[in-house]
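Inside the fold
Here is how the chains run, residue by residue.
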Amino acid sequence: MKIGVIGAGYVGTTTSIVLAKYGYPVTVVDTNQEKIHKLNQSRLPFYEEGLEELLHEYLLEGRLSFTSNIEDFIKQCDILFVTVGTPPSEDGKADLTYVEEVVSQIARFMDNYKVIVIKSTVPVGTGDKLNDIMMKELSKRNISISFDIVSNPEFLREGKALHDALYPDRVVIGCESEKARNIMKELYKDVDTSILYTTIKEAEMIKYASNAFLATKISFINELARLCEGKGVNIKQVAIGMGMDKRIGSDFLQAGIGYGGSCFPKDIKALLALASQVDIPMPILEAVSYVNQTQSDWFMEKVKQVLGSLTKKRIAVLGLTFKPQTDDIREAPSLRVIDYLLNNKATIAAYDPQGSEHVKKIYPTVKYTLTPLEALEGADAVLILTEWKEILEIDWKHAKSLLSNPLLFDGRNTLSPSKMVELGYRYFGVGNF
């Protein structure tokens, strides 16, 4: 089987590299010529540990190729993975413009049976809509060619994408023909995990439901952390005790300054928009979103309460990406923190091993340093916003000598409060003492 992947972004590139590792010949198409050029030179357009080495290896072996010629690409491939973006519209709905355009192109250029696998995150009912687009385009050509739409959502964690793609917790396949099911079964025959076959709509909902539930766990523990802080209770111990219950589990119970990234915020908005279309209230998800949006402000009010006026105060911001092991700053809590600091006329020195160049385009007046220690020089307070190893392993004893004031605000509860106090810091976590 010849595999085609449409969209050379994060999901598309990761998917193509893993499919090539399984031994399939894979071609990736994208309209962005610069991106295709970089990939053909074994250069990833984003940071993801472990992927670039495999990209180089499979390009050399001829298992993987990148192109911008979509017409030939469509004709030559048997299975087409659609991995283009579905950004949020102003009203929160997923914008399906790119997905619909890709499917239209497939119908315009295909000359034999295709399995069209939707990996892009799309609202429930999109499969039916795409099927109608295919039929309409084929009728314009006055031609009858069979095809199958399949929903195969991705569950990749940024920073852990290679591991998640190679060793998935589960594979969900939404399809409604025996032929498509057999093809997908063959495609995933070497993947050692549970495979769930569902309808297309069920698969579409599973993706949104999964992300919404994980976001709910995060907002729940963050809201609980506010209460714990008010009552002098350590949220980390509470989370450990909760997580020991197998029905709850310990994952996503780490209190902090909120979730970010390209999935959770966008998918919560899309799910709420979908519910609104059919007049179904979802107060739990509305609360999840509200808690997340206000968590960084709650944290920064604590900073302001301790420091007093932030005007002309020098603040060291350590960590800019929404999580470690990625260069992604989309919906990162750090951006809300920087906004808060600038609005309060603070001076910022920021460090991040991967995200600085992206944030610099948004906030050019912030000073960006090459090392975390450089950011600390003369700082009135330190804010840890992303738990990068490079930040956690700072020589904190030496770092104290660089600061004007040894105030440490740990927005990820990553350091030991008692150890930092021993070193002479005033430590403030998120419900962590």
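Above this text you will find the structure in question.
All of the points below concern the structure found in this document. This is a predicted model, so every value here is computed, not measured.

Cut-offs applied
Residues numbered from 1 in each chain as written. Predicted model: local features only at pLDDT ≥ 70, side-chain atom pairs only at ≥ 80, totals over all residues. Heavy atoms only, no water. Helix = DSSP H or I, 4+ residues; strand = E, 2+ residues; numbered from the N terminus. Buried < 20%, exposed > 50% of the residue type's maximum accessible area, 1.4 Å probe, protein only. Contact = heavy atoms within 4.5 Å. Pairing = 2+ DSSP bridges. Axes fitted to C-alpha atoms, helices over the stretch in contact; angles between N-to-C directions. Core = buried A, V, L, I, M, F, W, Y, C linked by side-chain atoms within 4.5 Å. Right-handed = clockwise from strand over helix to strand, strands pointing away. Parallel < 35°, antiparallel > 145°, perpendicular 65-115°, else oblique. Left-handed = near helix turned anticlockwise from the far one by under 90°. Nonpolar A, V, L, I, M, F, W, Y, C, P; charged D, E, K, R; others polar. Expected span 1.5 Å × (residues − 1). Bend = angle between axes of the 7 residues up to and from the residue.

What follows covers the side chain of Gln 105. With respect to the element layout, Gln 105 can be found in helix H5 (residues 97–109). Look at Gln 105 and you get buried, because its relative accessible area is 18%. If we skip the residues at most four places from it in the chain, Gln 105 touches Ile 70 and Ile 74.

This part takes up the sheet that holds strand S10 (residues 347–351). Taken in spatial order, the six strands make up an open sheet running S11-S10-S9-S12-S13-S14, and their pairing is parallel. Edge positions in the sheet fall to strand S11 (367–368) and strand S14 (426–428), since each of these pairs with one other strand and no more. As paired strands, strand S12 (residues 381–384) and strand S13 (residues 407–410) are joined by three bridges and run parallel to one another. For Leu 383, the partnering residue across the bridge sits in S13 and is Phe 409. Here helix H12 (residues 283–307) sits on the sheet in contact with strand S9 (314–318), S12, S13 and S14, set at roughly 170° to S13.

Among soluble globular proteins, nonpolar side chains are generally buried collectively. Counting residues in hydrophobic clusters, the biggest one holds 43 residues, and the most contacted among them are Val 26, Phe 81 and Leu 187. Here the element with the most residues in this core is helix H1 (residues 10–21); it accounts for six residues. Counting 39 residues, the second largest nonpolar core, distinct from the first, contains Cys 228, Ala 255, Ile 329 and Ala 346.

Below, the discussion takes up the pairing of strand S1 (residues 3–6). Burial along S1 is two-sided: Ile 3 and Val 5 and Gly 4 and Ile 6, pointing in opposite directions, are all buried. Relative to strand S2 (residues 26–29), S1 runs parallel, the two being bridged by four bridges. Considered in S2, the bridge of Ile 3 is made with Val 26. What joins S1 to S2 is H1, and the crossover it makes is right-handed. The pairing of S1 with strand S4 (residues 79–82) spans four bridges and is parallel. For Ile 3, the partnering residue across the bridge sits in S4 and is Ile 79.

Here the focus is the packing of H1 against helix H3 (residues 51–61). Closest axis-to-axis distance for the H1/H3 pair is 10 Å, and the angle between their directions is 55°. Considering the angle they form, H1 stands oblique to H3. As for how H1 packs across H3, the hand of that crossing is left-handed. Where H1 abuts H3, its residues Thr 14, Ile 17, Ala 20 and Lys 21 lie against Leu 51, Leu 54, Leu 55 and Tyr 58. Class assignment for the residues of the contact of H1 with H3 results in six nonpolar, one polar and one charged.

This brings us to H12. For H12, with 25 residues, the first-to-last C-alpha span of 36 Å sits near the 36 Å given by 1.5 Å per residue. Residue Thr 294 marks the point of greatest curvature in H12, where the axis turns by about 35°. Within H12, the full set of buried residues consists of Leu 285, Val 288, Val 291, Asn 292, Thr 294, Gln 295, Ser 296, Phe 299, Met 300, Lys 302, Val 303 and Leu 307. The inward-facing, buried residues of H12 contact helix H9 (200–231), helix H11 (264–277), S9, helix H13 (333–343), S12 and S13. Taken from the residues just after H12, Gly 308 is the one with a positive phi, measuring 80°.

Our focus in this paragraph is the pairing of strand S8 (residues 194–198). As defined by bridge partners, strand S7 (residues 170–174) adjoins S8 across five bridges and the pair is classed as parallel. Looking at the pairing, Ile 173 lines up with Tyr 197 of S8. Of the crossover connections in this fold, the one passing from S7 over helix H8 (residues 178–187) to the parallel S8 is right-handed.

As for its placement among the helices and strands, Val 103 is situated in helix H5. Since its relative accessible area comes to 0%, Val 103 is described here as buried. Between the C-alpha atom of Val 103 and that of Asn 131, which follows or precedes it by 28 residues, the distance is 8.8 Å. Ignoring sequence-local partners within four residues, the contact set of Val 103 consists of Leu 130, Ile 133 and Met 134.

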